Amino acid sequence: MEQKEFAREQLLLSGAVAVGFAEARPVDEKVMLDYSRWIEKGWHAGMDYLERHYPLKSNPESVLPGVRTVISLAFGFYPKKKRNLNLPEIASYALGDDYHDVLRKRLQPITGNLKNIFGGEWRICIDSAPLSERFWAQRSGIGHIGRNGMLIVDGWGSYVMLAEVLTSIPFSPDKPASAGCKVCDLCVRSCPGKALNPDGTIDCRRCISYLSIEHRGEWTPSMKEVMTTPPADKILYGCERCLSVCPHNKAIPSSPIDEFTLRDEYSSITFANASSFTQEQFSKIFKSSPIKRCKLEGFLRNARNLKP
């Protein structure tokens, strides 16, 4: 078996639904220019780290010196079981364990084995290193970028998490993905906050996911305007309107990763009690959960905004 195909086969054992290889080189100039313009418009909102990381995103060499190959992986997270519709909404990716921890634990023994076989340097990156993830995913051929800015993988839609494995081993590259979205505009038209632009960029200042997760402190009047209109006033954490209407997400399989299964204790989070959580309750229920990202203060702010 060819070395690359052996490595791909091993990485698929992690539960990934797609694995692709790309030659490590500087990111396309146009991609970086578009990113710079997005930052200049202030559409990254309060995520100042995105501006600080801009110079680093232009080349994977900044993440792993001597890198020769970027391996992109997609992991399906469409839930086997969803929360009751009469409960406050929580984004599907947050119904189980924190994907950062889950995917790293699944990938570490595999990359360790590949390092023993091939030598070289290997680094796992899961939404933490300054990489242009979707650029590399498309470059490696595992999917194309949709009009909502998310990666779409054939057969799995956009309910996917991305991870990268950088290595100094020069594997032959896969063919980049070239297919794009059909111009249905369903995601753009369905966005409650009108945060999606036709070119695939997002104004995070109007994005419910950003406002309910990343934003720190109280909302400004314009943010409050977004969050107090239906369906935002039913959302406790995250937003999936652009995913739920996407034709690519019809009849997709549920996640093969057991750690992403809906936690039983989430059934106890209701419109009535969410705003009265204590730090002890929050820490206990959301241990090893991505929901801890918004911290208790953000969680209570979101809960006070809910309307049954």
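Definitions and limits used
- Residues numbered from 1 in each chain as written.
- Predicted model: local features only at pLDDT ≥ 70, side-chain atom pairs only at ≥ 80, totals over all residues.
- Heavy atoms only, no water.
- 1 Å grid on protein atoms, 1.4 Å probe; cavity = no way out; pocket = protein on both sides within 12 Å on 5 of 7 lines; lining within 4 Å.
- Points joined across faces, edges and corners; volume = space filled by probe spheres on them.
- Nonpolar A, V, L, I, M, F, W, Y, C, P; charged D, E, K, R; others polar.
- Salt bridge = Lys/Arg side-chain N within 4 Å of Asp/Glu carboxyl O.
- Buried < 20%, exposed > 50% of the residue type's maximum accessible area, 1.4 Å probe, protein only.
- Helix = DSSP H or I, 4+ residues; strand = E, 2+ residues; numbered from the N terminus.
- Disulfide = S-S within 2.5 Å.
- Pairing = 2+ DSSP bridges.
- Axes fitted to C-alpha atoms, helices over the stretch in contact; angles between N-to-C directions.
- Contact = heavy atoms within 4.5 Å.

Peer 1: What's the story with empty space enclosed by the protein in this structure? I'm lost.
Peer 2: Which parts of space are left empty comes out when a probe the size of a water molecule is rolled across the atoms. The final tally for this structure, using the stated rule, is one cavity of 30 Å³ or more. Here the largest cavity defines a volume of roughly 30 Å³. Forming the boundary of the largest cavity are Phe77, Tyr78, Pro79, Lys80, Ser255, Ile257, Phe260 and Thr261. Of the residues in the lining of the largest cavity, the class split is five nonpolar, two polar and one charged.

Peer 1: Sorry if this is basic, but what is going on with the pattern of salt bridges here?
Peer 2: Summed over all chains, the structure comprises 17 salt bridges. Glu121 is the partner of Lys115 in a salt bridge, and the nearest nitrogen-oxygen pair spans 3.8 Å. The class of Glu121 is partly exposed, set by a relative accessible area of 44%. With a shortest N-O distance of 2.9 Å, Arg147 and Asp185 are connected by a salt bridge. On the criterion of sequence distance, the pair formed by Arg147 in the loop between β5 (144–145) and β6 (151–152) and Asp185 in the loop between β7 (160–167) and α7 (186–190) is long-range, its members being 38 residues apart. Looking at Asp185, the relative accessible area reads 22%, which means it is partly exposed. Salt bridges sharing common partners tie together Lys4, Glu5, Arg8 and Asp174.

Peer 1: What's the story with the state of the cysteines in this structure? I'm lost.
Peer 2: Note on terminology: disulfide describes a covalent bond linking the sulfur atoms of two cysteines. Counted by the stated rule, this structure contains zero disulfides. We note that Cys191 lacks a disulfide partner, and the nearest cysteine sulfur, in Cys207, lies 6.5 Å from it. Take Cys294: it sits in no disulfide, and the sulfur closest to it among the cysteines is that of Cys207, at 14 Å. Its relative accessible area of 3% is what places Cys294 among the buried residues.

Peer 1: Would you mind going over the sheet that holds β7 with me for this structure?
Peer 2: Within a sheet, neighbouring strands are paired by backbone hydrogen bonds and run either parallel or antiparallel to one another. Strand order in this open sheet of four strands is β1-β2-β7-β4, and the pairing throughout is antiparallel. Pairing within the sheet leaves two strands with one partner each, and these edge strands are β1 (18–23) and β4 (122–125). With strand direction ignored, the average angle separating the axes of adjacent strands in the sheet is 20 degrees. Two elements, β1 and strand β2 (residues 69–76), share six bridges in a ladder whose sense is antiparallel. Bridge assignment links Ala22 to a residue of β2, and that residue is Val70. This element, helix α1 (residues 3–12), spans β1 and β2 of the sheet and lies at about 140 degrees to β1. Where helix α5 (residues 99–118) meets the sheet, its contacts fall on β2, β4 and β7, and the angle it forms with β4 comes to roughly 165 degrees.

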